[in-house]
Every structure is written in structure tokens, then in C-alpha cells.
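Okay, here's what each chain looks like letter by letter:
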Amino acid sequence: MTTLKFIFSRLPIRWKLAVWSSLLLCILFILYNGVQYFTINQWMVSEGEVSIRKSMNEIQNFFQEKHMSAQEIVNSRRFVEDMNDPHQMIRILNQQGTPLLSVSDEIPEDWFPPQTAQSTRIMTAWHLEDQVLIMRSPLNSGGFTGTIEIINNMENLEKVSDKIKGVMIVGGIGAIVLSALGGIFLSRQLIRPIQSMTDTMTRIRKKGLHEERVQVSDNNDELSNLGRVFNGLIDQLERSFQQQKQFVEDASHELRTPISIIEGHISLLNRWGKHDPAILDESLSVSVQELERLKGIVNDLLELTRAESGTSEQNVPAIDIRHTVQYTLTNFAMLHPDMIFRKELTPLEKVQIHITPQHLEQLLLIVLDNAVKYAGSSKEILVTGTLERDEVYIHITDYGIGIPAEDLPYLFDRFYRVDKARSREQGGTGLGLAIAKQLVKRYNGDIRVSSIEHIGTTVTLCFPIYRV
Ligand code: ADP
């Protein structure tokens, strides 16, 4: 059994399917034919019973009506012969069980010894391979008391059951062969796309992600869907690898600048600056400044990775948005006493959204920080809240340098800065909006920027409202 299991487990799926389908069909066929055989058998036995009872009644009536004596019964051989059917024996026994009259068609006397009966009885019995129906009934005719015995060999039943058996065997073998062939054909059809997928995967492993995709048919069946999902997954993987690569390239490029500046100043110090207080002073202050930048970039990179790795947050408790916006704004305003912060947050009253207060604060700080950094000569920043259907919007507007239209689509890319030098001057890393984008995505929200150069910029944060 274990060997059989072992062999079966090593078979390819197409053979497994063929074996299972043949086995199943074989069992179904045997069950169906078994039931059919049993039903036909029962039906034929009951038909035999009806016919044997009819003969018995007619013989009974004949003798009883005529009030026959034993001798007259013996003389009625002709009538009994007429009454007899093929493969049947009729015997009339006296009270002692001795046959007075025996008429038989191909049933030898010694198959069943004569037996008297006190009441009418009918039963089936076997003689070797022959199934027979035996009916015994008492006979009272005039002065005679005895038994009528009818023994019927159910030849027809045997013939039919032999035929059924033959059909069952031939049909069974045919069904097994056909279902095995069907199983092989079906499994081939099913396995083909899977095989193609396996081949593609092998090629992808050898050549890389960008070369190969699974051929998908136009059908809308499960296997085509599997192929589509697989291709989608590979596309996503490729994109993600590409992004990772780009990210590492961008990050190293960004890190290289402050490192080179520090390196330059340290070698300057090494060569001339040790004894020149002016160079020493300047180099140290530039190095500290660049180290601060490095720290900023590393921190922002860490923030971005954290924001990207988080999955969509559905189970965060809802918070009062107005309260957090107001709190953050008040604290931020204290750090920038030269700026004027105006706010219109009345529509946000009692509005709740799903987000942690820390993340909402982080988002607001990124946007407010940019607004201050790029405010130019304008000193005013406006924060307003609005509602629309199931969403709440926080708009942060400044009246500063603005952003050229051609730069707008790239603002959320990592390390993207409209004016590199200016951003560097302001201590920007080009990662703030990329972090913000990832964060709002986690809360099913959105962030948009609209801007006109030299007029100003409005950044809008949008979140679905939490309704109780
Ligand atoms: P950074 O750290 O450089 O500010 P961000 O990702 O936060 O990086 O912003 C990307 C770029 O978008 C900035 O470098 C700046 O050029 C531009 N930007 C963002 N906010 C504003 C704004 N309020 N006004 C003008 N330009 C902005």
C-alpha cells in the first residue's frame, strides 16, 4: 500500500488525473450496473411468481370444480401437460408425498424431492447454478387430499443476467479506457498553461525579470487569470526592483555631496588649516553644517522607509482632526515668530478621521515647513479646512515663489527639488513630499499640490471622514 502511495505521489498530475477519473468512473459504473442488475432480477422473480401463481390457481380450480378422485387426477395428465410452461415441472402428490402425476419440461425429478404442504408457500431455491421458483399448495378435490407442486427453472432470468454481466464487463472496460483517455486529454489541456508558466518562470530565473512574460489567452478562465496575476506580479516586482535601484543610486548621489564637501575641508585642514585659525574656523563650521545635512538625509530616508513599509491602516482609532491641526499649528507658529499664520478651521469641528495624531502632525509639519521655506518675501500662511461629501480637506497656502507647472508632476518623487541650490540652502532633502505621499496612502487619503510661479502654492491633504 505504501509503495502504491509512493508511486502515485511521484506520478505527474496528468497521470494522477487520468487514474482518478478512471477509478471514479469505474466505481460509478459498477454501482450503476449493480443497482440495475438487482432491480431487473427482482422484477423477473416477481414476474415468475405471478405466472406460477396463475398456473397454480388454474390447476386448483380445475381439480376442485370436477371433484376428482386420485385415479381421475392421474388420468388428467393431458390437462396438466397443457398447463405446463417450458423449463417447469408440475407434480401432484398424495397425502404421503408420493407423486401421482409428474409432468416436466427439462427439469429432472431428482433436482428437488417431493414435499407435501399444509398451506400455500412460494420460495426461490438453487440447484447448482440454476435458480428455481417453487410453489406448493394443498389440493382438496372430492375425496382426494394432496399437494400441487410447481417447480419453475428461471432460465430467462439467467439469460438476462448473463447478458447484463457481459455488457457490464465490456462496458466497464470500455468506460475505463475511455475515461483514462479523456482524463489524459483533459489534464493535458489543463496542464498546458501551467507548463508554460513553469517554462516562463525558469526563463525568468535565467534571464531576469524584464525579458519574459507568460502567454495569456483571451479566455476568462481560472488559468488565464492565474497567468494575468502572475504577469502583474512580475511587473510589480520589476518596478519595485527598478525603484530600489533608483533609490540606492539617488541616495548615494545625495549622500556623496556632503561627504565630498567634508572630505575637501578636512584635507584642506590637514594641509594648511592646522595653523591658520581662519581656515580652521571656516572648515569646521562647514563640516558641522554638512554633517547636519547628512543627519537630515539619513533621518528622512529612515522616515520614508518606515512610511513605505507600513500597510494600509484600517484599525487606527479615529481622532478629532481640528484639535490636532490647531495644536500643531500653534506649536509651529511659536518656532516662526516672523510669520503670520491665519486659519479657518470651523468646518472641521467634530470631524473625525482614522489616523494617528503623530502621523497627522508629521504630515502637517512637512507641508508647513515647505510653506515657510519657500514663502519668499511673503510672510503669510493660510490654513483652511473644508468638507465635501465623505471627505475632509486641509489646504495649506503660501504666497511665495511657487512651482513651475512642468515640475508639478514630479514633486512626490524622491529627492526631487525644483531648485536644487535653493533647496539645499534651505536645508531641504527632497524627501519631504515623498514621505507625505506614502503616509497619506496608508490612511486611504491623498495629497495634491496646485501652484502658480511667483504667486504661491496650495498643498491639500485629503482624508475620508469617519462616521459613527
Ligand atoms: P524639500 O526637502 O527639498 O523641501 P520636498 O519633497 O518637501 O523636499 O519638496 C520637493 C520640492 O518641491 C522642493 O524642493 C521645492 O522645490 C518644491 N516645493 C515644495 N513645497 C513648496 C512650496 N510650498 N512652494 C514652492 N516650492 C515647493
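Residues numbered from 1 in each chain as written. Predicted model: local features only at pLDDT ≥ 70, side-chain atom pairs only at ≥ 80, totals over all residues. Heavy atoms only, no water.

Labelled according to an unreviewed UniProt entry, the protein appears under the name Signal transduction histidine-protein kinase ArlS, originating from Paenibacillus terrae. Under the Subcellular location (unreviewed entry) heading, UniProt states for the protein: "Cell membrane". Under Catalytic activity (unreviewed entry), UniProt gives the following word-for-word description of the protein: "ATP + protein L-histidine = ADP + protein N-phospho-L-histidine." (UniProt positions renumbered as here; feature names shortened; annotations may be inferred.)

A.B. asks: Describe in detail the sheet that holds strand β3 (residues 121-127), supporting the description with residues and values.
C.D. replies: In space, the five strands of this open sheet follow the order β2-β1-β5-β4-β3, with antiparallel pairing throughout. Two strands bound the open sheet, and with one partner strand each, they are β2 (99-104) and β3. On average, adjacent strands in this sheet sit at an angle of 20° to one another, irrespective of strand direction. Bridging between strand β4 (residues 130-141) and strand β5 (residues 144-153) involves ten bridges; their strand directions are antiparallel. Among the inter-strand pairings, R136 is bridged to a residue of β5, identified as E149. This element, helix α2 (residues 13-66), spans β1 (88-93), β3, β4 and β5 of the sheet and lies at about 25° to β4. Against the sheet, helix α5 (residues 155-207) contacts β4 and β5, and its axis sits at roughly 160° relative to β4. (Pairing = 2+ DSSP bridges. Helix = DSSP H or I, 4+ residues; strand = E, 2+ residues; numbered from the N terminus. Axes fitted to C-alpha atoms, helices over the stretch in contact; angles between N-to-C directions. Contact = heavy atoms within 4.5 Å.)

A.B. asks: Now, about empty space enclosed by the protein: what can you tell me, with residues and values included?
C.D. replies: All told, the structure shown has one cavity of 30 Å³ or more when counted by the stated rule. Size it by volume and the largest cavity reaches roughly 30 Å³. Forming the walls of the largest cavity are R121, M123, I134, M135 and R136. Elements that contribute at least two residues to the lining of the largest cavity include exactly β3 and β4. It is β4 that contributes the most residues to the lining of the largest cavity, three residues altogether. Within the lining of the largest cavity, the residues separate by chemical class into three nonpolar, no polar and two charged. (1 Å grid on protein atoms, 1.4 Å probe; cavity = no way out; pocket = protein on both sides within 12 Å on 5 of 7 lines; lining within 4 Å. Points joined across faces, edges and corners; volume = space filled by probe spheres on them. Nonpolar A, V, L, I, M, F, W, Y, C, P; charged D, E, K, R; others polar.)

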